[in-house]
Amino acid sequence: MSTVVETHDHGHHGPAKGLSRWLFTTNHKDIGTLYLWFSFIMLFIGGAMAMVIRAELFQPGLQIVQPEFFNQMTTNHGLIMVFGVIMPAFVGLANWMLPMQIGAPDMALPRLNNLSFWLLPMAFGILLSTLFMPEGGPNFGWTFYAPLSTTYAPNTVNFFIFSVHVMGVSSILGSINIITTIFNMRAPGMTLMKMPLFVWSWLITAYLLIAVMPVLAGVVTMMLMDINFGTSFFNAAGGGDPVLFQHVFWFFGHPEVYIMILPAFGIVSHIIETFSRKPIFGYASMVYAMASIAILSFVVWAHHMFTVGMPLAGELFFMYSTMLIAIPTGVKVFNWVATMFRGSITFETPMLFSIAFVALFTIGGFSGLMLAIVPADFQYHDTYFVVAHFHYVLVPGALFGIIAGAYYWLPKWTGNMYDETLGKLHFWLTFISVNVTFFPMHFVGLAGMPRRYPDYALQFADFNALISVGAFMFGLTQLLFLFIVIKTIRSGKQAKPEVWEGAGELGLEWTLSSPPPYHSFTVQPQVK
Amino acid sequence: MAYIKKVFTKFILIAMPIIYSSLVLSEDSDYNMKVGVTEVSQSIFDLHMLIFWICVVIGVIVFSIMFWSLWKYRKSKGAVAADFDDNFWLEIGWTVAATLVLVWMAVPSTQVMVKAYDDAEGEINILITGHQWKWHYEYLEDEVGFFSNLSTSQEQINGEVPKGEFYLREVDEPLVIPTNTRIRFLITGNDVIHSWWVPDFAVKQDAIPGFINTAWTNVPEPGIFRGACTELCGIKHAFMPVVVRAVEREEFDAFIATKVALAEEERMLTSKVWTKEELMERGEGFYATNCSACHQINGKGIPPVFPALDGSQIAMFDSKRHIEILMEGVQGSAMAAFGDSYSEVDIASVITYTRQAWSNGENGDGVIVTPQDIVAYKNRIDL
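Counting restarts for each chain, with residues numbered from 1 along the sequence as it is written. Think of it this way: whatever chain is written first is A, whatever ligand is written first is 1, and the rest follow in order. Side-chain atom pairs in this predicted model are given and counted only at pLDDT of 80 or more, local residue features only at pLDDT of at least 70, and totals for whole chains, interfaces and linings cover all residues. To get the side-chain values, all heavy atoms of the structure are used, and hydrogens and water are removed first.

1. Some remarks on the overall build of chain A
For chain A, the count of helices and strands is 16 helices and 0 strands. With C-alpha atoms as the basis for the radius of gyration, the globule rule is written as 2.2 Å multiplied by the number of residues raised to the power 0.38. Radius of gyration (C-alpha) of chain A: 23 Å, near the 24 Å computed for a compact globule of 528 residues. Counting only C-alpha atoms and orienting by the principal axes, one finds that chain A spans roughly 65 × 55 × 45 Å. Partly exposed residues are those whose accessible area sits between 20% and 50% of the maximum for their type, while under 20% is buried and over 50% is exposed, using a 1.4 Å probe and protein chains only. Buried residues in chain A amount to 68% of all 528 residues. Contacts are residue-level and defined by heavy atoms, with any inter-residue pair within 4.5 Å sufficient. Within chain A, contacts between residues separated by at least 24 positions form 81% of all contacts whose residues are at least 6 apart in sequence. Where the 20 positive side-chain charges of chain A centre and where its 23 negative ones centre are 14 Å apart. Secondary structure elements are defined from DSSP: runs of H or I of at least 4 residues count as helices, runs of E of at least 2 residues count as strands, and each element is numbered from the N terminus. Under the convention used here, Asp and Glu are negative, Lys and Arg are positive, and both His and the chain ends fall outside the count. Every charge is mapped to an atom, namely NZ of Lys, CZ of Arg, CG of Asp or CD of Glu.

Next comes the structure, spelled out in structure tokens:
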């Protein structure tokens, strides 16, 4: 222990050795790396669950798993992908990149940073352990609607609640750290409207997290009370209200959706300007668009609940407010296209993922717009059309944003260029399989297949088989990504400080060596 | 390589939209929303197609500009980057344009919504109650009701016999409604939240315990319409389909008359003195329909979720607790309360059956439970 402290106190010789480097680290890069690897491992665990789901749905009938286990798989797949993959990956990217992008040596609150990471393996250890308990893990869907998740839940629901609490604490602490860092540690001259868009996207995201994570904690605490202490928040028999659960959950849940996409907006904006060799079009409107999306996200929650029986005025209000979100989102897409227009474009792997992001996220946006139309939503609601929609915004949306960011910054992090041929192969296999998997879901949904079904009618069989094939291909392809990342860490062509042609002018991170020094900026750079 | 790229691009640009639209365009397509049979479902379909085509047009415009830019301004062809990074009027322009398109979408959406939303009373009012995992239908005017269970056999689900045409879309007793009549559905849940969906009527309403939601329809033509439960309600969420049979008014009246007569007969049965054999026979049928999906036809259950009844201490020696479980259910488990949903005769007969069936009759006390015992239990509880 004492040697570790001394190393940190005296010189800037780099990290401590061995396991203590990772357990006790307060370094933003080490913590970023931990977050990213955690998220990567979770991607394979959550992905394995998706493979179980798709194997069962490969053909009608019950072949591989029973419905009770199937429901545990859908629930945990959702929880892990949302809280264990997308969110930690973005926090990992923030840890790595925010200090480097704003010209700071580290995050503002390094010990808090360590704590927010190490809470996560605890939370997911608790959650995953329930799968090995006799009653099985949570089986009520990642949205855990009461009373299925209270009166009718397995006893392991208490572990689930505790784990959500711990995740919430981790997110809130992480957000406090990010906001503090951004407001206090920017290089002289970097005014708010000169901040890189990834920094802006995270500033807004961190505020969203601080606003809604307590709401999630509140709703699971109410569940805890209902289950163990005889209250009736959500129990109609005791005078409670099951719909209240949904209102509170989605008041958290909708901002959460944007928490999972805003940082990707930031990443993709950087990549598109880099490989178009042209500054981002409409920087100010990009910032305003993200802020509008964040504000609007607080007044659209009930569009997840159009069939619970709201008054007509309520249905119409939430339809209009949801449609409004299409405006800032559309502006962002137009800006990205305008950035490419009259650029000088090359197609390295991060750019390919970003182009796919713009195209496929827009498709997810269109289906979102269709879902906003209340009367039509009566037919779409809780079918595979919804599954297609949110997978289009989360996989080729959020996940592609993360993968693009990883390729974009990997040479900076490791000092080694990744293998471009393998990267392109990874892109094309991913791009094809993601569409084979999720596009036909629109069709089965429209044709009437409800979501969360372990077994289905015969008319959906062909498309389900196709979807499963696509899913297996998508899953296998990500092993290639793992291989590429490890290969890049171990070897590769030496990367220059600016890595990408002309990137040196685009952000402070490209002025540092590749790999960057352990304490990024020990002398604050001046921003003009 | 260049040739493959060219072919691939052409395929993406030309073939995909054609394949897609040919799949989607035809009205009776298996890949598109159901047009349905009611006025509301048809206007929803038209609205869906309108929004879809608006999205397609916007998509084609945006993606054409994007892919054209990627093609035209690629560095490998010597493109040199321009140096502009905003354009005030362009940005105002497309924001206004997006807003106008949304208004264009919102107007018909609002019109259809107002038409679909109407909770006035119907000529016929039907109370729909979602149970784990079956639907109960009650005709409020005539005070008769019944359960509607999945009728697909477990063997079909397990793949032991070939699957039928209406696999998982068939029930033992469909809801029967008259044509050309305004029907109001009052929808609620008994245990967890379910959702009652019939695509052909464009009716989807959540069945929530403690709430009564309304929906309505008016079906112009006779037919059989199949739907599903669309809110995750537990293990058998996929196994509680909705089937509605719309018939001419005369046939409907005859159906209701039979139901009323049957209900009267049921009431008579409670006071009748039952023999063990009569109870056993009735109980076996009830067990096969309502219990065997979880506890299995051989009484072995699927432990630990669904306990075995064969060899169960309660089923062999504790008839009091046995009655209590059937009447009240078991909190925190999948076992529902049957007391309010079924007649005394049904409850008594299935208890008697499970106490005699398999090895329970030989090894247990073999107590026979009669409908009168259930009445007595109910009276005691009510005190």
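Read on, since the account is not over.
2. As for the environment of B:Met66
Tracing the backbone shows B:Met66 in helix α2 (residues 39–72). Since its relative accessible area comes to 0%, B:Met66 is described here as buried. Not counting residues within four places of it along the chain, the set of residues in contact with B:Met66 comprises A:Val337, A:Met340, A:Ile355, A:Val358 and A:Ala359.

3. As for empty space enclosed by the protein
Cavities and pockets were defined on a 1 Å grid built over protein atoms only: a cavity is a set of grid points that admits a 1.4 Å probe from which the probe cannot escape, a pocket is an open set flanked by protein on both sides within 12 Å along at least five of seven lines, and lining residues are those with an atom within 4 Å of any such point. Grid points are joined across faces, edges and corners, and a volume is the space filled by probe spheres set on the points. Considering all chains together, one arrives at 7 cavities of 30 Å³ or more under this definition. Lining the largest cavity are 19 residues, with A:Gly448, A:Phe460, B:Arg169, B:Gly227 and B:Ala228 positioned closest to its centre. In terms of residue count, strand β9 (residues 223–229) of chain B provides more of the lining of the largest cavity than any other element does, 3 residues in total. Taken together, the residues of the lining of the largest cavity sort by class into 12 nonpolar, 3 polar and 4 charged. Taken as a whole, the second largest cavity encloses approximately 170 Å³ of empty space. For the second largest cavity, the lining is made up of 18 residues, of which A:Met87, A:Pro88, A:Val91, A:Ser170 and A:Ser171 are closest to its centre. Any residue that is not Ala, Val, Leu, Ile, Met, Phe, Trp, Tyr, Cys, Pro, Asp, Glu, Lys or Arg is counted as polar, Gly included; the first ten are nonpolar and the last four charged.

4. Observations concerning helix α10 (residues 283–296) of chain A
A helix is expected to reach a length of 1.5 Å times the quantity of its residues less one. The terminal C-alpha atoms of α10(A) lie 20 Å apart, and with 14 residues this matches the ideal 20 Å at 1.5 Å per residue to within 8%. Looking at α10(A), one finds that the buried residues are A:Ser285, A:Met286, A:Val287, A:Ala289, A:Met290, A:Ile293, A:Ala294 and A:Leu296. Elements that come into contact with the buried residues of α10(A) comprise α7 (197–228), α8 (242–259), α9 (262–276) and α11 (312–340) of chain A together with α3 (88–116) of chain B.

5. Considering a negative patch on the surface
Residues and elements named next belong to chain B. Patch membership requires over 30% relative accessible area and the absence of a salt bridge. Like charges are linked within 9 Å, and nonpolar side chains (Val, Leu, Ile, Met, Phe, Trp, Tyr) within 5 Å. Method for areas: the Shrake-Rupley scheme with a 1.4 Å probe, in which residue coverage is limited to the protein chains shown. In the sections that follow, a salt bridge refers to a side-chain nitrogen of Lys or Arg positioned within 4 Å of a carboxyl oxygen of Asp or Glu. Taken together, the side chains of Glu-121, Glu-141, Asp-142 and Glu-143 make up a negatively charged region of the molecular surface. For Glu-141, the location among the structural elements is in the loop between β2 (134–139) and β3 (144–148). Judged by its relative accessible area of 42%, Glu-141 falls in the partly exposed class.

6. Observations concerning the packing of aromatic side chains
Only centres within 6.5 Å qualify two rings of Phe, Tyr or Trp (six-membered ring in Trp) as a pair; their planes then separate them into stacked at under 30 degrees, edge-to-face at over 60, and tilted for everything else. Here the structure, examined in full by the defined rule, presents 73 aromatic pairs over all chains. Relative to A:Phe117, the ring of A:Phe38 has its centre 6.0 Å away and its plane inclined at 90 degrees; by these criteria the two rings are edge-to-face. Here A:Phe117 lies in helix α5 (residues 110–129) and A:Phe38 lies in helix α3 (residues 28–56), a separation of 79 residues in the sequence. Here the aromatic rings of B:Trp68 and B:Tyr73 are separated by 5.7 Å at their centres, their planes lie at 85 degrees, and the arrangement is edge-to-face. For a Lys NZ or an Arg CZ to count as sitting over a ring, it must be within 6 Å of the ring centre and within 35 degrees of the ring normal. For B:Lys236, the ring lying beneath its charged end belongs to B:Phe239, and the centroid distance is 5.3 Å. Over the face of the ring belonging to B:Trp274 we find B:Lys272, whose NZ or CZ atom lies 4.3 Å from the ring centre.

So far we have only geometry, and geometry alone does not tell us how the molecule works.
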